[in-house]
Protein chains: 4
Amino acid sequence: MSKSVFGNLFTVTTWGESHGKGIGAVVDGCPAGLPLSAEDIQKYLDRRRPGQSRYTTARKEGDQVEILSGVFEGMTTGTPISLLVPNLDQRSRDYGNIAYSYRPGHADYTFDQKYGFRDYRGGGRSSGRETIGRVAAGAIASKILKELGIVFCTYTKSIGPVTIETMDVDEIPNNPFYMPDAQAAKKAGEYLEKCMANHDSAGGIIECRINGVPAGLGDPVFGKLDAVLAQAVMSIGAVKAVEIGEGIRAASLNGSTDNDGFIVKNGEVIKTSNHAGGIMGGISDGSEIVLRAAVKPTSSISQPQQTITQTKENISLLVKGRHDPVIVPRAVVVVESMCALTLVDALFSNMSARMEHIRSFYKK
Amino acid sequence: MSKSVFGNLFTVTTWGESHGKGIGAVVDGCPAGLPLSAEDIQKYLDRRRPGQSRYTTARKEGDQVEILSGVFEGMTTGTPISLLVPNLDQRSRDYGNIAYSYRPGHADYTFDQKYGFRDYRGGGRSSGRETIGRVAAGAIASKILKELGIVFCTYTKSIGPVTIETMDVDEIPNNPFYMPDAQAAKKAGEYLEKCMANHDSAGGIIECRINGVPAGLGDPVFGKLDAVLAQAVMSIGAVKAVEIGEGIRAASLNGSTDNDGFIVKNGEVIKTSNHAGGIMGGISDGSEIVLRAAVKPTSSISQPQQTITQTKENISLLVKGRHDPVIVPRAVVVVESMCALTLVDALFSNMSARMEHIRSFYKK
Amino acid sequence: MSKSVFGNLFTVTTWGESHGKGIGAVVDGCPAGLPLSAEDIQKYLDRRRPGQSRYTTARKEGDQVEILSGVFEGMTTGTPISLLVPNLDQRSRDYGNIAYSYRPGHADYTFDQKYGFRDYRGGGRSSGRETIGRVAAGAIASKILKELGIVFCTYTKSIGPVTIETMDVDEIPNNPFYMPDAQAAKKAGEYLEKCMANHDSAGGIIECRINGVPAGLGDPVFGKLDAVLAQAVMSIGAVKAVEIGEGIRAASLNGSTDNDGFIVKNGEVIKTSNHAGGIMGGISDGSEIVLRAAVKPTSSISQPQQTITQTKENISLLVKGRHDPVIVPRAVVVVESMCALTLVDALFSNMSARMEHIRSFYKK
Amino acid sequence: MSKSVFGNLFTVTTWGESHGKGIGAVVDGCPAGLPLSAEDIQKYLDRRRPGQSRYTTARKEGDQVEILSGVFEGMTTGTPISLLVPNLDQRSRDYGNIAYSYRPGHADYTFDQKYGFRDYRGGGRSSGRETIGRVAAGAIASKILKELGIVFCTYTKSIGPVTIETMDVDEIPNNPFYMPDAQAAKKAGEYLEKCMANHDSAGGIIECRINGVPAGLGDPVFGKLDAVLAQAVMSIGAVKAVEIGEGIRAASLNGSTDNDGFIVKNGEVIKTSNHAGGIMGGISDGSEIVLRAAVKPTSSISQPQQTITQTKENISLLVKGRHDPVIVPRAVVVVESMCALTLVDALFSNMSARMEHIRSFYKK
């Protein structure tokens, strides 16, 4: 299976390098009859666009998406949807020692080890620009989910040592960090100013809460919903950990404090708690899905670092250019997109789980 | 793709329920010419066998593996290897209210929601016995890796609040918790005694360190080595979080403290640190791979819990029988097995990454 | 993806060698709630059993199937169904020069070329016994199809030069060749007597007609229904050609004679002909699906043949033992099984083809 | 798995409709270090371009390919190669009754049945233009094969009733039908003149011969080389049958006349005949691979045909416009491309078939 394809029934294939002709995605298995326009997708791309505050790179990345196939008279046709975001900045330039040395924290060294050489312009395929394809496809997935009443609330939970203390959903789009806590956002800004003054960078934690997910999604044993979500989110460049529900904290709880009880109220099944984060035995239980991703600090920093060249010389490297002091805010929509892609695939796969459903479907 | 299959080139398909006729695995894509006997596999199965200490269930699970196909005259033939572990305990019994109510923390409710009914005997497919198939297949993967000089060191890092403080590899098999710290193991035992007295259970953290992995394994972007490892490990029943390298801690570091530098010493490339845990941009960098899995506390506890029946009645349920107060020690070999399966698949996939390698292979 | 797995949503993994411990199949993605017993499967296996006439090998192959998992209280549970057919005849014997030389028409040479050595006992994995796993899985697929009103009529169209001239469905089980023409069956018997007298073997053509298939199955472009059927059927050992509808004859027709017109009669859409064999643009059109498979003559013949040994000596080889003078009749149910597996997979995949269907499914 | 993706290790994803913005393909798993330019691909696209003779449509289809990613400094980088062929003719026009009625022989009806509506412009996704993506990807596969000494000889074996009688490889590019027999080509032209005068169309047979294929390619049992070739070729629009070696004729041979013997001459293993067409037991045997595809006559003919509208009215439809009276010559390179894609994938998969090869690979 192509390692640039994600999903089984609703799939996305991505391609493209940072300074090549463009970034793209091919979405296959999208059902026919979904109203879809470039604007639907553009809204999501705009959430990851740089240059929105002094805490993201000032690079101009227009990132306008074009739909090349799979949509006719405003509706998806069931055939592959090809999405293209041309790279505006393709001019030749002097990449200097970047071309011949390995930036710490980046994939320069490992790409060379695997492939023998690499497209060194702006990180090539390992650039954060690669996530454009994910977000473009995720926008389509999100539109399907919305029609089914499945909605996301994704935000920055922490930046460096600053963690949110309140949960005000309306505040999320009001600050440059997508934090649901204005006070924490203020502190995060102050922390980042210090990082920038030190020519340093920060990481953080993104939390994704998904409501309206029907019980029953996920396919034991290797296709468990949490397993696929983990792959989806860990495949994002800077993510170093994925948690579901209590996550790591579960390891220090007891059965009596971690188990979620059930009660029936007015005929509705309700869990008395949600330590599991909405997934039990790899299958959604109908309650809120809660996932967290830990994002490492931006690798490119404007201070000298010890590294080596392709020809195995020891050097001190200073990565020039303007870089995001933190990529967490821009990665919020990327995490959400990967979760959306995972959920749509699980929804489709689940349709053939019961013989009674198949019988009634084909009696239509 | 079958959700009971893991891998792309070296694959395992697992099947079986807790109280059915047996548990099995079919390994396909195993290269011809690997010496293989049932004993090679039995050694790994014995590491997850219960009844080894007072901290694991006293149930007798003989778990003897039989090789049904794919091996001829002591060597693998390149055809599918079918592995069978018969269930010894299949007698009919009274499952009482377990059959009609949902145990908190278990997958009873979600299986019913997905499939409409379930095999309630001992948890059916969602039982921990399902991991027998993973370990049996992982044993074959581990044998391949060993031939290539890739070796594992997997152990319990913490149980409940007790975390290891020293790292003594020789100590790992000496205590019932597979902890590399005798002192911590003693404390963990004391902690578990308290849990058991309280009719409660505990969780913990498993750490897996892999040495000898060549640089270059992993396939961007969705087949990144860390992404596939995350899926592999999160697909294990009780795992709620997966970390690579610094993991969650990376979120609070700075670029200057998280980036790993490079130096050349005596012609060898060495990283000045390994915060990345051996994987950069989704590709192994040749240094030690470090992964952690957070395991939740055992769900079955001998105290009354609030839950509901299939017919939506509120009840208080007390799960009878002897259960592991902690499953972490027995899950150590399961985590290792899933990592081994992932690595062998990545090794095979990597063989066609460069045109020069393909040319030289087919000139043979 | 494992090359021993077929299908995407409804999948089968097969394993086993001719003289190993058994032959098996793991069916995954079977919906929960299908009534299933070993007898349901045994009926299909009995159709491929040898020893039913003087035109099939007299070898005793009991071929009793056992269900090891995935069925509880007579119903499928949605989890993997493991099927086992133990090999009765596993005793050691002298394989003589078969072990060291390459039988013409068999896969001995190519297995050695690929894997370096092979299980030479009875053809190992390349034996016709491998199809037991396909038929066992196909029986489950057929049971699902039957519930949806999809039925097969599969028969022998020709043996050697003898082709059917009439189409009497009731005659099919009445003769040892599964031919729908008693007269042709008689001639086929006479032809085979001559072959046997000459120590020679024959081939033939199998035709599979499928009725009740809803329009809309098949996924362009590489997952076209005819493309997947072709893979399914060509993967059967001795098949050398696959035709859909007019098949090869279409090449010599004209557009005016090959195109199928449409008419509406009493509100029903009917095709004025079915040269297409029920599939247009890779999607079923609701009319009868017609597929043919050409089966080569049995490779094992009791006359000396020119061949070589593993050590590259030229020899004359006479393959001893009793062999089917023709395998076509026993392959009828194998072709049907592969078509059944393909159709169930296509049915499930098709459930998410339209947004309107997804909306109504998840409103339940 | 996406149904618009073909292959497992070397994969192609295609997208695009006849009158949309373009046709494209994403090739993933192409090894790094292959020299590649747009010209390499253009040569193959030119072989399927229309307007080359009076026997192909006069429509102008420039079909210039652009490489959007995956190539750096003239070499493949190992990352996805995105190929784009813009559609020149996208202007809006009056599609008349084509939009609302079902052309006989086309996929109009089945697409509507599956998806509920369709892009009716020029056949949309089911247009022959879809094969542009296959040929563009096939050109890359062919370049890899050529480096390994694997070469194709693909040609038209028959058009309507006219079959080649001689085999003159040099003649193939000399006539508009890619026939290796000048005399037959002349007769085919005469036959087509008659078809055109009758407002009718013709079909034919394409034969593909592949030399230099090493023994050992193909993965039993469902990934057999002939099975995958059959899927690959049957997935091409108008193909209705696929044959390997003797193909259908094998059904009427005897074991003694169909089996290929082996001899050793000067240390080389040679088959005494090649009835098997280079594949035994689903694995290549090192001799010439021979495959044939039967192509049905062009569906669009300029004579009235009986059909229905979307609203189920009976009508007589006359498809206007200029259409190829035969598509066989243009499909020659499409068949070759699908075979090339299949072979590269099989070559890569085969690299991990033996433990000895893995050991020596990773000792490098």
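Residues numbered from 1 in each chain as written. Chains lettered and ligands numbered in written order. Predicted model: local features only at pLDDT ≥ 70, side-chain atom pairs only at ≥ 80, totals over all residues. Heavy atoms only, no water.

All names here are of chain A. With antiparallel pairing, the five strands of this open sheet are ordered in space as 1-2-3-7-4. At either end of the open sheet lies a strand with only one pairing partner, and these are strand 1 (5–6) and strand 4 (66–67). Pairing analysis gives six bridges linking strand 2 (residues 11–16) to strand 3 (residues 22–28), with the strands arranged antiparallel. Considered in strand 3, the bridge of Val 12 is made with Val 27. (Pairing = 2+ DSSP bridges. Helix = DSSP H or I, 4+ residues; strand = E, 2+ residues; numbered from the N terminus.)

Counting residues at the interface gives 102 residues for chain B, matched by 102 residues for chain A. When chain B packs against chain A, close to 8200 Å² is buried across both sides, 58% of that on carbon and sulfur atoms. The largest per-residue losses of area from chain B upon contact with chain A belong to Lys3(B), Lys114(B) and Phe222(B), which jointly make up 11% of the total buried on that side. Residue Lys3(A) is joined to Asp219(B) by a salt bridge in which the shortest nitrogen-to-oxygen separation is 3.7 Å. Taken together, the links from chain B to chain A amount to 50 residue pairs in polar contact (both at pLDDT 80 or more). Looking at the side of chain B that touches chain A element by element, the count peaks at seven residues for helix 2 (residues 108–115) of chain B. Where strand 11 (residues 239–244) of chain A and strand 11 (residues 239–244) of chain B come together, three bridges link them in antiparallel fashion. Residue pairing for strand 11 of chain B: Val242(A) is matched across the bridge by Val242(B). (Contact = heavy atoms within 4.5 Å. Buried area = accessible area lost by both parts, 1.4 Å probe. Salt bridge = Lys/Arg side-chain N within 4 Å of Asp/Glu carboxyl O. Polar contact = N/O pair within 3.5 Å; in protein donor to acceptor, adjacent residues only side chain to side chain.)

Moving on, we get to the environment of Ser37(B). All names here are of chain B. Along the chain, Ser 37 turns up in the loop between strand 3 (22–28) and helix 1 (38–48). Of the residues examined, Ser 37 reaches a relative accessible area of 25% and is grouped as partly exposed. For Ser 37 and Thr 76, which are 39 residues apart along the polypeptide, the C-alpha to C-alpha distance reads 9.3 Å. Of the polar contacts made by the side chain of Ser 37, one reaches the side chain of Glu 39; its length is 3.2 Å. (Buried < 20%, exposed > 50% of the residue type's maximum accessible area, 1.4 Å probe, protein only.)

With that settled, the discussion passes to the sheet that holds strand 11 (residues 239–244) of chain C. Ordered in space as 9(C)-8(C)-10(C)-16(C)-11(C)-11(D)-16(D)-10(D)-8(D)-9(D), the 10 strands form an open sheet in which the pairing is antiparallel. Strands with a single pairing partner mark the edges of an open sheet, and in this sheet they are strand 9 (162–163) of chain C together with strand 9 (162–163) of chain D. Note: strand 8 (residues 151–159) of chain D against strand 9 of chain D, two bridges, orientation antiparallel. Directly across from Ser158(D), in strand 9 of chain D, lies its bridge partner Thr163(D).

With that settled, the discussion passes to helix 7 (residues 328–349) of chain A. With 22 residues, helix 7 of chain A should reach 32 Å at 1.5 Å per residue; the first-to-last C-alpha distance of 31 Å fits that figure. Judged by how many residues are buried, helix 7 of chain A sits mostly within the fold: 22 of 22 residues are covered. (Expected span 1.5 Å × (residues − 1).)

Note on the identical chains: chain A maps onto chain C by a rotation of 180° and an axial translation of 0.0 Å, with an RMSD of 0.0 Å. Accordingly, the operation relating the two chain copies is best matched by a two-fold axis. (Least-squares fit on C-alpha atoms with pLDDT ≥ 70 in both.)

Moving on to the UniProt feature "binding site: NADP(+)" (unreviewed entry) in chain A. All names here are of chain A. As annotated in UniProt, the feature "binding site: NADP(+)" (unreviewed entry) corresponds to Arg 48 and Arg 54 in the numbering used here. If you trace the backbone, Arg 48 turns up in helix 1 (residues 38–48). By relative accessible area, Arg 48 is classed as buried at 4%. Of the polar contacts made by the side chain of Arg 48, one reaches the backbone oxygen of Gly 128; its length is 3.5 Å. Filtering out sequence-adjacent residues up to four positions away, Arg 54 remains in contact with Glu 193, Met 196 and Arg 322. (UniProt positions renumbered as here; feature names shortened; annotations may be inferred.)

Before going further, it helps to spend a moment on the pairing of strand 3 (residues 22–28) of chain C. All names here are of chain C. Among the seven residues that make up strand 3, seven are buried, leaving the element largely enclosed by the rest of the structure. In strand 3, alternate side chains face the same way, and those of Gly 22, Gly 24, Val 26 and Asp 28 on one face and Ile 23, Ala 25 and Val 27 on the other are all buried. With antiparallel pairing between neighbouring strands as the criterion, strand 2 (residues 11–16) and strand 3 make up a hairpin whose turn holds five residues. When strand 3 meets strand 7 (residues 81–86), the two strands line up antiparallel, connected through six bridges. Note on strand 7: the bridge partner recorded for Val 27 is Ile 81.

A few words now on the interface of chain A and chain C. Contacts between the two partners involve 28 residues from chain A, matched on the other side by 28 residues from chain C. Its largest share of buried area at the contact with chain C, chain A owes to Met351(A), Met355(A) and Tyr362(A), together 28% of the area lost on that side. Run the count over chain A and chain C and you get two salt bridges. Between Arg359(C) and Glu147(A) there is a salt bridge, with the nearest N and O atoms lying 2.3 Å from each other. Joining chain A to chain C, the criterion identifies 10 residue pairs in polar contact (both at pLDDT 80 or more). Among the elements of the structure, helix 3 (131–147), helix 7 and helix 8 (355–363) of chain A are those that each provide at least two residues to the side of chain A that touches chain C. Grouping the amino acids of the side of chain A that touches chain C by side-chain chemistry returns 18 nonpolar, six polar and four charged. (Nonpolar A, V, L, I, M, F, W, Y, C, P; charged D, E, K, R; others polar.)

Before going further, it helps to examine the UniProt feature "binding site: FMN" (unreviewed entry) in chain A. All names here are of chain A. UniProt feature "binding site: FMN" (unreviewed entry): in the numbering of this structure it lies at Arg 125, Ser 126, Ser 127, Gly 281, Lys 296, Pro 297, Thr 298, Ser 299, Ser 300 and Arg 322. Spanning 198 residues, the named residues do not form one spatial group; their C-alpha atoms are separated by as much as 45.0 Å. Sequence-distant contacts of Ser 126, that is, excluding residues within four places in its chain, are made with Ala 107 and Phe 111. A distance of 2.9 Å separates the side chain of Ser 126 from the backbone oxygen of Gly 123, its partner in a polar contact. Note on placement: Arg 322 falls in the loop between strand 18 (314–317) and helix 7.

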